[in-house]
Amino acid sequence: MATIFTKIAAGEIPSYKVAESEDFYAFLDINPLAEGHTLVIPRKTEADYIFDLDDETYAGLTAFAKKVAVAIKKAIPCKRVGVAVLGMEVPHTHIHLVPLQSEGDLNFSNKKKQLTPERFAEIAAAIAAEFND
Ligand code: 5GP
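Rules used throughout
- Residues numbered from 1 in each chain as written.
- Predicted model: local features only at pLDDT ≥ 70, side-chain atom pairs only at ≥ 80, totals over all residues.
- Heavy atoms only, no water.
- Salt bridge = Lys/Arg side-chain N within 4 Å of Asp/Glu carboxyl O.
- Buried < 20%, exposed > 50% of the residue type's maximum accessible area, 1.4 Å probe, protein only.
- Helix = DSSP H or I, 4+ residues; strand = E, 2+ residues; numbered from the N terminus.
- Near = heavy atom within 4 Å.
- Polar contact = N/O pair within 3.5 Å; in protein donor to acceptor, adjacent residues only side chain to side chain.
- Areas by Shrake-Rupley, 256 points an atom, 1.4 Å probe, with all protein chains shown as cover.
- Nonpolar A, V, L, I, M, F, W, Y, C, P; charged D, E, K, R; others polar.
- Core = buried A, V, L, I, M, F, W, Y, C linked by side-chain atoms within 4.5 Å.
- Contact = heavy atoms within 4.5 Å.
- Phe/Tyr/Trp six-rings, centres within 6.5 Å; stacked < 30°, edge-to-face > 60°.

Just give me the short version of the pattern of salt bridges, but keep the residues and values in it.
Scanning the entire structure with this criterion turns up six salt bridges. One salt bridge in this structure joins glutamate 20 and lysine 17, with 2.5 Å as the shortest N-O distance. By relative accessible area, glutamate 20 is classed as partly exposed at 34%. Linking lysine 44 and glutamate 22 is a salt bridge whose minimum nitrogen-to-oxygen distance equals 3.1 Å. Of this pair, lysine 44 sits in the loop between β3 (38–42) and α2 (55–75) while glutamate 22 is found in the loop between β1 (17–20) and β2 (24–28), placing the two residues 22 residues apart along the sequence. A relative accessible area of 63% places glutamate 22 in the exposed class. A network of salt bridges, in which partner residues are shared, links Lys17, Glu20 and Arg43.

Before we move on, can you summarise the site of the ligand with the specific residues and values?
The ligand sits among 16 residues. The nearest are Leu28, Asp29, Glu89, His94 and His96. A distance of 2.9 Å separates a nitrogen atom of the ligand from a polar backbone atom of leucine 28. When isolated, the ligand has an accessible area of 520 Å², and the protein chains bury 88% of it. Counting only elements with at least two residues in the shell around the ligand, the list comes to α1 (4–9) and β2. A per-element tally of the shell around the ligand places α1 first, with three residues. Here the residues of the shell around the ligand sort into ten nonpolar, four polar and two charged.

Tell me what's going on with the nonpolar core, and back it up with residues and numbers.
Ranked by internal contacts, the top residues of the largest apolar core, which has 25 residues, are Val18, Val40, Phe64, Val68, Leu97 and Ile127. Of all the secondary structure elements, the ones that give two or more residues to this core are β1, β2, α2, β5 (95–100) and α3 (117–130). Examining the composition of this core, we find that seven residues originate from one element, α2, more than from any other. The residues touching valine 18, leaving out its near neighbours within four places in the chain, are Ala26, Phe27, Leu28, Thr38, Val68, Ala124, Ile127 and Ala128. Counting eight residues, the second largest nonpolar core, distinct from the first, contains Ile8, Tyr25, Ile41 and Val90.

How would you sum up the packing of aromatic side chains? Please name residues and give values.
Counted by the stated rule, this structure contains seven aromatic pairs. Considering the side-chain rings of phenylalanine 5 and phenylalanine 27, the 5.3 Å spacing of their centres and the 75° angle between planes classify their relative orientation as edge-to-face. Separated by 22 residues along the polypeptide, phenylalanine 5 in helix α1 and phenylalanine 27 in strand β2 bring together distant segments of the chain. Judged by relative accessible area, which is 7%, phenylalanine 5 ranks as buried. Residue phenylalanine 27 is classed as buried on the basis of its relative accessible area, which comes to 3%. Ring geometry for phenylalanine 51 and tyrosine 58: centres 6.0 Å apart, planes at 45°, overall tilted. On the basis of relative accessible area, tyrosine 58 is assigned to the partly exposed category, the value being 33%. Ring-pair connections join several aromatic residues into one group, and the members of that group are Phe5, Tyr25 and Phe27.

Laid out in structure tokens, this is it:
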């Protein structure tokens, strides 16, 4: 059975798309630690654990995430874009990209931001506008 993230990348479940390629898809986390918190996933494998990916997919995913992070940094005022891989909840490899003002912003126990659909859409559009593939 397809994972929820496969369904999102296929457009079967709605998401706030930030960027996509044939092999990878980036979209806003629905329970963000910060405005611009983005998830980057591979489309062609549902491997649960990032370190089970083959080298080519792993390298492609991280290179795509780098381009997304560059776009986030341009669109969202922040000091750095933090990177995290947890996979405690959704069993489909994904990289978290989180705009940071300070170290504590990458604590996944923090209260998540509540954003309106309009704000999610604005943020996704702002990042997408800065994305260069
Ligand atoms: P993890 O598996 O890395 O521990 O956490 C999964 C992340 O995916 C969480 O930050 C959660 O908010 C996000 N997430 C879970 N389900 C959905 C969904 O249906 N849509 C979106 N956009 N994000 C999701």
